[in-house]
Amino acid sequence: QQPVQSPQAVILREGEDAVINCSSSKALYSVHWYRQKHGEAPVFLMILLKGGEQKGHDKISASFNEKKQQSSLYLTASQLSYSGTYFCGTDNYGQNFVFGPGTRLSVLP
Amino acid sequence: GAGVSQSPRYKVAKRGQDVALRCDPISGHVSLFWYQQALGQGPEFLTYFQNEAQLDKSGLPSDRFFAERPEGSVSTLKIQRTQQEDSAVYLCASSSGGGIGTGELFFGEGSRLTVL
């Protein structure tokens, strides 16, 4: 089953923060985050494997609450290069690997 | 090659024609996935291979869709008797992890199929 993402779209000014949420109705073993720019392939951002795990690099971080079957992606001090569509991907304990519908992020100067 | 390679990049087919889309994953990658992405949508899971074994094909929309990876490397997605609703970008991804979700997915540029 496909995870749910919110919001569907967000518009920011450069330097502002954003949070993108991902949730699933099924138990999760891992959550991935990818960013896709128009006309390009999705690019890996990070993977979270353990419940309660948090990860980050640069000004992008994420958390994974296994019990709530939720993950959140945090973008701080957004840059123009952050624009794109963000997808969370989840595996349902080895059955398959599915992506959410995406959150379109636009960062304006 | 250094990355996942897909061909053709663009394919225009007349309704009813058969098409074959090729994916050349990163050398040594065990896992291979096919996804279908319609305009403005997220990638929709089609099928998953671990080496040459097709472990999950639950996402294939109909029996017109067939995928294979006979030697555990290159994979081909075949669509028979194409329909207009098959128009989409077909993405291939590979991963070094032997289990689903345990490793980063590397995506190819995709094959854009347009059915007229």
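Below or above, wherever it landed, is the structure these notes cover. Nothing here was measured: the structure is a model prediction, and the numbers come from that model.

Broken down by element type, chain B carries 0 helices and 11 strands. Walking chain B from its N terminus toward its C terminus, one meets helices and strands in the order β-β-β-β-β-β-β-β-β-β-β. Against the 2.2 N^0.38 benchmark of 13 Å for 116 residues, chain B shows a C-alpha radius of gyration of 13 Å, consistent with a compact globule. Expressed as a percentage of its 116 residues, the buried residues of chain B come to 48%. Counting only contacts in chain B whose residues sit at least 6 apart along the sequence, the fraction spanning at least 24 positions is 54%. Of the accessible surface of chain B, which amounts to about 5,500 Å², a share of 45% is contributed by carbon and sulfur atoms. Averaging the positions of the 11 positive and the 12 negative side-chain charges in chain B gives two centres separated by 8 Å.

Right, let's get into the nonpolar core. Residues and elements named next belong to chain A. Of all hydrophobic cores here, the largest spans 21 residues; its most connected members are Trp33, Leu73, Leu75, Tyr82, Tyr86 and Leu105. Counting residues per element, the ones that place at least two in this core are β2 (9-13), β3 (18-23), β4 (30-36), β5 (43-48), β7 (60-65), β8 (70-75), β9 (84-91) and β11 (103-108). If sequence neighbours within four positions are ignored, Leu73 has contacts with Ala18, Val19, Ile20, Trp33, Leu45, Met46, Ile60, Ser61, Ala62 and Tyr86.

Next up on the list: the layout of surface pockets. Within this model, the largest pocket holds a volume of roughly 770 Å³. What lines the largest pocket is a set of 34 residues, and nearest its centre among them are Gln36 and His38 of chain A together with Gln37, Leu39 and Gly40 of chain B. Of all elements in the fold, only β9 and β11 of chain A together with β9 (88-95) and β11 (111-115) of chain B reach the threshold of two or more residues within the lining of the largest pocket. Ranked by residue count, the leading element in the lining of the largest pocket is β11 of chain A, at 4 residues. A breakdown of the residues in the lining of the largest pocket according to their chemical character gives 11 nonpolar, 17 polar and 6 charged.

Bringing the sheet that holds strand β3 (residues 19-24) of chain B into the picture now. Residues and elements named next belong to chain B. With respect to topology, 4 strands assemble into an open sheet ordered β1-β3-β8-β7, the strand pairing being antiparallel. At either end of the open sheet lies a strand with only one pairing partner, and these are β1 (5-7) and β7 (65-68). When strand polarity is set aside, the average angle formed by the axes of neighbouring strands in this sheet is 15 degrees. Inspection of the sheet shows β7 paired to strand β8 (residues 75-79) by 4 bridges, in the antiparallel sense. The partner of Phe65 across the bridge, within β8, is Ile79.

This brings us to the state of the cysteines. With the rule as written, the count across this model stands at 2 disulfides over all chains. The disulfide bridge from Cys22 of chain A ends at Cys88 of chain A, spanning 2.1 Å between sulfur atoms. The disulfide joining Cys22 of chain A to Cys88 of chain A has a torsion of about 75 degrees about its S-S bond and is therefore right-handed. Here Cys22 of chain A is found in strand β3, whereas its partner Cys88 of chain A is found in strand β9, with 66 residues between them in sequence. Here the two residues Cys22 of chain A and Cys88 of chain A agree in accessibility, since each one is buried. Across a sulfur-sulfur distance of 1.9 Å, Cys23 of chain B and Cys92 of chain B are joined as a disulfide pair. Disulfide Cys23 of chain B-Cys92 of chain B: the torsion about the S-S bond is -65 degrees, which places it as left-handed. Linking Cys23 of chain B in strand β3 with Cys92 of chain B in strand β9, this pair joins segments that are 69 residues apart in sequence.

We now examine the pairing of β5 of chain A. All names here are of chain A. Along β5, 5 of the 6 residues are buried, which leaves the element largely enclosed by surrounding structure. Inspection of the sheet shows β4 paired to β5 by 5 bridges, in the antiparallel sense. Across the sheet, residue Trp33 finds its bridge partner in β5, namely Met46. In this structure, the hairpin formed by β4 and β5 is closed by a connection of 6 residues, where Gly39 is found at a positive phi of approximately 80 degrees.

Cut-offs and rules
- Residues numbered from 1 in each chain as written.
- Chains lettered and ligands numbered in written order.
- Predicted model: local features only at pLDDT ≥ 70, side-chain atom pairs only at ≥ 80, totals over all residues.
- Heavy atoms only, no water.
- Helix = DSSP H or I, 4+ residues; strand = E, 2+ residues; numbered from the N terminus.
- Rg over C-alpha atoms; globule rule 2.2 N^0.38 Å.
- Buried < 20%, exposed > 50% of the residue type's maximum accessible area, 1.4 Å probe, protein only.
- Contact = heavy atoms within 4.5 Å.
- Areas by Shrake-Rupley, 256 points an atom, 1.4 Å probe, with all protein chains shown as cover.
- Lys, Arg positive; Asp, Glu negative; His and termini not counted.
- Charge placed at Lys NZ, Arg CZ, Asp CG, Glu CD.
- Core = buried A, V, L, I, M, F, W, Y, C linked by side-chain atoms within 4.5 Å.
- 1 Å grid on protein atoms, 1.4 Å probe; cavity = no way out; pocket = protein on both sides within 12 Å on 5 of 7 lines; lining within 4 Å.
- Points joined across faces, edges and corners; volume = space filled by probe spheres on them.
- Nonpolar A, V, L, I, M, F, W, Y, C, P; charged D, E, K, R; others polar.
- Pairing = 2+ DSSP bridges.
- Axes fitted to C-alpha atoms, helices over the stretch in contact; angles between N-to-C directions.
- Disulfide = S-S within 2.5 Å.

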